[in-house]
Structures are given as structure tokens and as C-alpha cells.
Amino acid sequence: MTTLPSGFARARRWLRDHPLAFDAALAFCVLTAMICGSFADPGKGHGPTFGTRTPEPFSVLLMVLAASALVLRRRRPMPVLAVTGGLAATEYIFIDPPAPVVMSSVIALYTVASRTDRPTTWRVGLLTMGILTVAAMVFGSTPWYSQENLGVFAWTGMASAAGDAVRSRRAFVDAIRERAERAERTREEEARRRVAEERLRIARDLHDVVAHHIALVNVQAGVAAHVMDKRPDQAKEALAHVREASRSALNELRVTVGLLRQSGDPEAPTEPAPGLAVLDELVATFRNAGLPVEVVGADRAPGLPSAVDLAAYRVIQEALTNVRKHAGAGARAEVSVVRVGATAEITVLDNGRGGAADGAGPENEAAPDGGGHGLLGMRERVTALGGALTAGPRYGGGFRVHAILPIEAPTGEGARTSEPEPPGPAATTGERR
């Protein structure tokens, strides 16, 4: 069984969706009220009396025309006010006592006030009030101070005030709704931005892990294939290194991809992120792959922030991977980690010639495998912490990667926003993958 409030709500929604039908119903109600009021005689001293007079045919015509004009009050508010105001003034001038045609003008004036701005409401309202009040006072047979004449002034004034109040409230509600929608859009954009940043960080970690370990696996597999027949012991050792590198790659991939787990998923990753504490193990993997690496300085004092520690490890890992892939045969590398004041400086040098014959050297960043994202990823990782990274060929041959990381990573908007851009050679011809 349908309740009464739900029926009213459904009718209200229907009328809101069909404004012309609502205006037609309102015009019919106003016409009914005007015709009923035209049978009332104002009287003298004791209030109005009903049944003592009947409206003139001309008054009935004016009431029908005024009510019909109200049907278009939303589409043409100003012309409707002009028409209803002229008909009401005509009734005051030619008919005595007048029929309440002014009721249509009150409705039209309310519509104008609710759909225009405040200055327009003041101008139009005062003009309408003045014309209709003066017409009632001058052309009527009653004294100018009679309650009927003062009622015209009061009703037109209240119509203007009510329309202006409705317009103000509607503008306030629209402003609140727009502010809420803007806040919702801002919240969604912020969520999308955070998701994109997280995806970029995870993609950068995946690139570092895969590029390093797959390069080692490729090298050791090539060594095993080369010495399989003549030196099986060395081939067995190379395959052991392949197994170890693949196991390390799988473990790091498991930790990185584990970040994508939902909060309720079991077996969340518990292994710590790699850092300078395992630098010796990292260097050992490259030495096993045939790249001589010398650690000339490694400041591993405790207290280094985890983000900075991870970034330093990844920079060294990616730089040594580039040396192994692009520096050519006989290359040697040198790693240095030094604290200077409130910063940590990481330097990776090599003396390789770059294998210019195959186009994969330090002077040719676009390697045949379509790479070229290693230094870009390192630079993004370093600048995200407020540091700076430079990379380019050394004088006399070789390549140099130098990163400066603040020991206290910035967290606010104003943290290290004016870092200098890396030099041109590090971003153009001097880059490796």
C-alpha cells in the first residue's frame, strides 16, 4: 500500500520533470482564486461580503488573459510580468470596484525575482509596486489609504522579497553542490595520481631487478655453453651462478610484486628491501659474471633512511649492469659510497671503451634491444628523494655515474624543488641504458 508521503514525493518529482504542466495547474488555481475574489464586495467598515456583486464580463476577460499568461512565466518571465501588470492596471483604471487581477501580477513578479539578479529585482519590483499602487489609489473610489490599496503595495513587495530569497537559497545550494563535486573530482584525481606514482615506482623496481639478474644469467649461460665440452667443471660453476642469479631474481620479484597484494591476502612480503648492507653480495655477482669490480669506499654507517639506502643500492646495481652490458671486454669498474655532510654520494666508474662496433656503447644509448630506460629510472628514483644524478663519458675513456642523495629524504611540497637539472651530456649522447 502506497503511503501518503511517498505519493507526494512522486507527484513532486513528476511536476519537477514537467514544469509546463505545473505552470498550467498554477494558472488554473490563480484563475479560480481571482474569480472567487471577484464576487467579494470590499464593503465599508465591516470587511468584505460575498454574493452582493458579480464580476463584469470585461473583468472576467482580463482575469482569463492574465491567468493564461502565467503558463509561460518560466520561459518569458519579463513579458509575462509586463502583460499581467498591464492587465491589472487596466482593471484598476476602468472597473470599480476592481476584480483581483493583481494576483497574477504578484505571481509573475515572484517569478522574475527568483530568476534574475538582485539589482534587476529591485528595479523591476519598485516599478511594478509603484505603478499598481498608484493606479489603485488614484483611479479607485476608496480612499487612497484603504487596506485594499495598501494590500497591493504589501503583496507586490512580499513577492519581490520571496523571489529574491528563493533565488539566493538556490544559488547557495548550487554552490555547495559544485563545491562537493569539485572536492570529489579532486579526491579522485589525487587517488589516480597516487596510483600512477605507485605503478611507476613498482615498474622501476621491476626494471632494476630484471635487468640486473637477467644480464647475469645471460652472461653465465653463454660461458657455460662455451666451455661445456672442454671444461665441464667451469661450465658447472657457471650454471651454479645461473641458478643463484635466477633464485635471487625470483625472490626480489616476489617481494616487489607482493606490494600489489590486497590487504586481506595471505603471505604478505616480509623480506627487507635490499640496501648497502648487502653491497658485497651484489658486487660478488658481477665478479662471478666476469666483471672486475673494486669497492674503494663504502660508508655503511647505520642511520641511513631506508628509501635512500634502497636508492643507493639500485643506482649501483643499474650502473654495474650497464658496465657489464655496454663497456666491452676487459672493462673494470670502481664503486664508491661516501657521506659528505648531510648527503651520501655514490660514484660508479669504468674504463670501458663501449663496444662501439655493435652500437651498444656509452655513446649510443639506444641499444639494439630497444632499451634506454636505465639512467632515466635512476634519475627519477634519485630526484624523487630530492637528490641529483649526473652520468656521462669520462675524459680519456670510460663512463661515470654520480648520484647525490640527501640523508633526510624530503616529504613536503617545498622540499628541494629547485634542484639543478643534470648536464646535457648525461641526458643525451652520454647515456647508457
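Asker: Please clarify how the overall build of the chain should be interpreted in this entry.
Answerer: In terms of regular secondary structure, the chain is built from twelve helices and seven strands. For the chain, buried positions account for 36% of its 433 residues. For the chain, restricting intrachain contacts to residue pairs at least 6 apart in sequence, the fraction spanning at least 24 positions comes to 69%. Summed over all atoms, the accessible surface of the chain reaches about 24900 Å², with 61% contributed by carbon and sulfur.

Asker: Is there a simple way to explain the packing of helix α2 (residues 19-38) against helix α3 (residues 57-69) in this structure?
Answerer: Packed helices, taken two at a time, are described by the angle between their axes plus the distance between the axes. Interhelical geometry of α2 versus α3 gives an angle of 160 degrees and a closest axis separation of 8 Å. Relative to α3, the element α2 lies roughly antiparallel. Remark: the crossing between α2 and α3 carries right-handed chirality. Across the interface between the two elements, Ala27, Leu31, Met34, Ile35 and Ser38 of α2 pack against Met63, Val64 and Ala67 of α3.

Asker: I keep staring at the pattern of salt bridges and nothing clicks. Help me out?
Answerer: A pair can form between side chains of opposite charge whenever their charged atoms are brought close. Scanning the entire structure with this criterion turns up nine salt bridges. Note that arginine 73 is salt-bridged to aspartate 23, the shortest N-O span being 3.0 Å. Taken together, the positions of arginine 73 in the loop between α3 and α4 (77-94) and aspartate 23 in helix α2 put the pair 50 residues apart, joining distant regions of the chain. Between arginine 193 and glutamate 190 there is a salt bridge; the shortest N-O distance is 2.4 Å. A residue pair is termed a helical-turn pair when its members lie 3 or 4 positions apart in one helix, as arginine 193 and glutamate 190 do in helix α7 (residues 147-227) at three residues.

Asker: I'm lost on a positive patch on the surface in this one. Help?
Answerer: A contiguous patch of positive charge, built from Arg10, Arg12, Arg13, Arg16 and Arg169, is present on the exposed surface. In terms of residue count, helix α1 (residues 4-17) provides more of the positive patch than any other element does, four residues in total. Here arginine 169 shows up in helix α7. For arginine 169, a relative accessible area of 60% translates into the label exposed.

Asker: Where do I start with the packing of aromatic side chains in this structure?
Answerer: Any aromatic ring pair is given by two values, namely how distant the centres are and how the planes are angled relative to each other. Per the stated rule, a full pass over the model turns up one aromatic pair. Between the aromatic rings of tryptophan 144 and tyrosine 145, the centroid separation amounts to 5.6 Å while the plane-to-plane angle is 90 degrees, which identifies the pairing as edge-to-face. Exposure remark for tryptophan 144: the relative accessible area of 54% places this residue in the exposed category. What makes tyrosine 145 exposed here is its relative accessible area of 52%.

Asker: Honestly, the nonpolar core in this entry has me stumped. Any pointers?
Answerer: Within soluble globular proteins, side chains that are nonpolar generally end up buried alongside one another. Membership of the largest hydrophobic core comes to 39 residues, with the highest contact counts inside it found for Ile316 and Val401. Broken down by element, this core gets its largest block of residues, nine residues, from helix α10 (residues 306-326). Apart from the residues within four sequence positions on either side, valine 401 is in contact with Val315, Ala319, Ile346, Thr347, Val348, Leu375, Met378, Leu389, Thr390 and Ala391. With 29 residues, the next largest nonpolar core counts Met34, Ala89, Val106 and Leu132 among its residues.

Asker: I'm lost on the packing of α10 against helix α11 (residues 374-384) in this one. Help?
Answerer: One way to put it is that α10 packs onto α11 with a least axis distance of 10 Å and a crossing angle of 165 degrees. Classified by the angle between their axes, α10 and α11 sit roughly antiparallel to one another. Helix-helix and strand crossings are classified by hand; for α10 and α11 the assignment is left-handed. Where α10 approaches α11, its residues Leu310, Ala311, Arg314, Val315, Glu318, Ala319 and Asn322 are matched on the opposing element by Gly374, Met378, Arg381 and Val382.

Asker: Would you take a moment to explain the pairing of strand β4 (residues 333-340) for this structure?
Answerer: Note on strand geometry: in a regular strand, side chains alternate between the two faces of the sheet. For β4 and strand β5 (residues 343-350), the ladder comprises eight bridges, and the chain directions are antiparallel. The residue of β5 that forms the bridge with alanine 333 is aspartate 350. Where β4 folds back on β5, the antiparallel hairpin that results is connected by two residues, among which glycine 341 adopts a positive phi of roughly 65 degrees.

Asker: So what exactly am I meant to see when it comes to α4 here?
Answerer: Because an α-helix packs 3.6 residues into every turn, residues spaced three or four apart end up facing the same way. In a regular helix each residue adds 1.5 Å, so 18 residues correspond to 26 Å; α4 covers 26 Å between its end C-alpha atoms and thus fits that length. Every buried residue of α4 is listed here: Pro77, Val80, Leu81, Thr84, Gly85, Leu87, Ala88, Ala89, Glu91 and Tyr92.

Asker: What am I meant to see in the side chain of threonine 84 here?
Answerer: Here threonine 84 lies in helix α4. Given a relative accessible area of 0%, threonine 84 falls into the buried group. Within polar-contact distance, the side chain of threonine 84 engages the backbone oxygen of leucine 81 at 3.1 Å. Sequence-distant contacts of threonine 84, defined by excluding residues within four places in its chain, comprise Ala66, Ala69, Leu70, Ser104, Ser105 and Ala108.

Asker: Is there a simple way to think about the environment of alanine 238 in this case?
Answerer: As for its position among the elements, alanine 238 is in helix α8 (residues 232-257). Counting along the chain gives 13 residues from alanine 238 to alanine 225, while the straight-line C-alpha distance between them is 9.3 Å.

About the cut-offs
- As a convention, each chain's residues are numbered from 1 in the sequence order in which they are written.
- Local features in a predicted model are, by the rule used here, given only for residues with pLDDT of at least 70; side-chain atom pairs are given and counted only at 80 or more, and totals for whole chains, interfaces and linings are based on all residues.
- In computing side-chain values, all of the structure's heavy atoms are included and hydrogens and water are not.
- Per the convention used, a helix needs a DSSP run of H or I reaching at least four residues, while a strand needs a run of E reaching at least two, with both numbered from the N terminus.
- Only protein chains enter the accessibility calculation, which uses a 1.4 Å probe; a residue is then buried when its area is under 20% of its type maximum, exposed when over 50%, and partly exposed in between.
- Note on contacts: a residue pair qualifies if any of its non-hydrogen atoms lie within 4.5 Å across the two residues.
- Method for areas: the Shrake-Rupley scheme with a 1.4 Å probe, in which residue coverage is limited to the protein chains shown.
- Note on definitions: angles span 0 to 180 degrees between N-to-C directions of axes, and those axes are lines fitted to C-alpha atoms, for helices only across the stretch in contact.
- Here the word oblique covers every angle except those under 35 degrees (roughly parallel), over 145 (roughly antiparallel) and from 65 to 115 (roughly perpendicular).
- By convention, the crossing between two helices is left-handed when the near helix turns anticlockwise from the far helix through less than a right angle, and right-handed when the turn is clockwise.
- Put simply, a salt bridge is a Lys or Arg side-chain nitrogen that is within 4 Å of an Asp or Glu carboxyl oxygen.
- Within the patch definition used here, like charges are joined within 9 Å and nonpolar side chains (Val, Leu, Ile, Met, Phe, Trp, Tyr) within 5 Å, considering only residues with over 30% relative accessible area and no salt bridge.
- When charges are counted, neither His nor the chain ends are considered; positive counts come from Lys and Arg and negative counts from Asp and Glu.
- Here the site of a charge means NZ on Lys, CZ on Arg, CG on Asp, or CD on Glu.
- Under the pairing criterion, centres of Phe, Tyr and Trp rings, with the six-membered ring standing for Trp, must be within 6.5 Å; the plane angle then separates stacked pairs below 30 degrees from edge-to-face pairs above 60, leaving the rest tilted.
- Here, nonpolar core means buried Ala, Val, Leu, Ile, Met, Phe, Trp, Tyr and Cys residues that are tied together by side-chain atoms lying within 4.5 Å of each other.
- Between any two strands, at least two bridges found by DSSP are needed for them to pair.
- Multiplying 1.5 Å by the helix residue count minus one yields the expected span of that helix.
- Under this definition, polar contacts are N or O atom pairs within 3.5 Å; protein pairs additionally need one hydrogen-donor-capable and one acceptor-capable atom, and for neighbouring residues in sequence, both atoms have to be side-chain atoms.

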